[in-house]
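Fold and geometry: a report
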Amino acid sequence: MGAIRRSKTKRRARDIDQVHSDLRNPRQLVQHKALIPDEDRPGLGQFYCIECAKYFESQHSMDHHLTGKRHKRRVRLLKETPYVQAEADAAAGIGVMTFITAQRNAKLEEELGGREMEVEVE
């Protein structure tokens with residue numbers, strides 16, 4: 001029984017919410033894209049899938065992973081916004097209005113983020 005438990009935690013990847021916060025943090029993205037050779041990582045740490053938080057031995061194995069079902073499922077899950085405590089509080093009836101206004105503001109920022117804001121300066 002001990003060997004089974006150990007094997008389950010041996011290959012444990014980062015959770016979706018952890019990867020989601022990594023993608024939102026620019027410092028973390030720069031760290032992974034730096035591609036500094038690391039002897040402790042597979043493939044010297046050069047082939048890294050950010051969405052799955054996984055290192056690969058070669059470019060071929062990474063390309064094979066990128067076309068796979070698990071990677072595509074993970075990318076689809078990362079497109080959804082994570083469940084936060086404010087949403088849970090709003091569902092319970094605590095701070096509903098603040099949650100709704102924050103959600104509306106985020107939606108407006110997302111819509112305006114794609115377009116450049118035109119401001120006339122006199």
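Residues numbered from 1 in each chain as written. Predicted model: local features only at pLDDT ≥ 70, side-chain atom pairs only at ≥ 80, totals over all residues. Heavy atoms only, no water.

**Topic: the environment of valine 19**
- Note that valine 19 resides in helix 2 (residues 16–24).
- For the pair valine 19 and arginine 74, spaced 55 residues apart in sequence, the C-alpha to C-alpha distance is 10.0 Å.
- Among all residues touching valine 19, those that are not within four sequence positions of it are Arg14, Ile50, Glu51, Ala53, Arg74 and Leu78. (Helix = DSSP H or I, 4+ residues; strand = E, 2+ residues; numbered from the N terminus. Contact = heavy atoms within 4.5 Å.)

**Re the confidence of the model for the chain**
- Overall, the predicted model of the chain reaches an average pLDDT of 77, with 80% of residues at or above 70.
- Here helix 1 (residues 2–10) stands out as the element of the chain with the lowest mean pLDDT, 62, in contrast to helix 4 (residues 59–66), whose mean of 91 is the highest.
- Below pLDDT 50 for its whole length, residues 117–122 participates in zero contacts with residues either more than four positions away or in separate chains. (pLDDT = per-residue confidence, 0-100.)

**Overview of unusual backbone geometry**
- Despite not being glycine, alanine 53 has its phi angle at roughly 55°, a positive value.
- Here alanine 53 is to be found in the loop between strand 1 (47–49) and strand 2 (54–56).

**Focus: the packing of aromatic side chains**
- A complete count under the given rule lists one aromatic pair for this structure.
- Ring geometry for tyrosine 48 and tyrosine 55: centres 4.5 Å apart, planes at 45°, overall tilted.
- Given the relative accessible area of 25%, tyrosine 55 is considered partly exposed. (Phe/Tyr/Trp six-rings, centres within 6.5 Å; stacked < 30°, edge-to-face > 60°. Buried < 20%, exposed > 50% of the residue type's maximum accessible area, 1.4 Å probe, protein only.)

**Observations concerning the packing of helix 2 against helix 5 (residues 69–79)**
- At a minimum axis separation of 10 Å, helix 2 and helix 5 run at an interaxial angle of 70°. One element, helix 2, and the other, helix 5, form an angle in the roughly perpendicular class. Classified by chirality, the crossing of helix 5 by helix 2 is right-handed. Contacts between helix 2 and helix 5 involve Ile16, Val19, His20 and Leu23 on the former and, on the latter, Arg74, Leu77 and Leu78. (Axes fitted to C-alpha atoms, helices over the stretch in contact; angles between N-to-C directions. Parallel < 35°, antiparallel > 145°, perpendicular 65-115°, else oblique. Left-handed = near helix turned anticlockwise from the far one by under 90°.)

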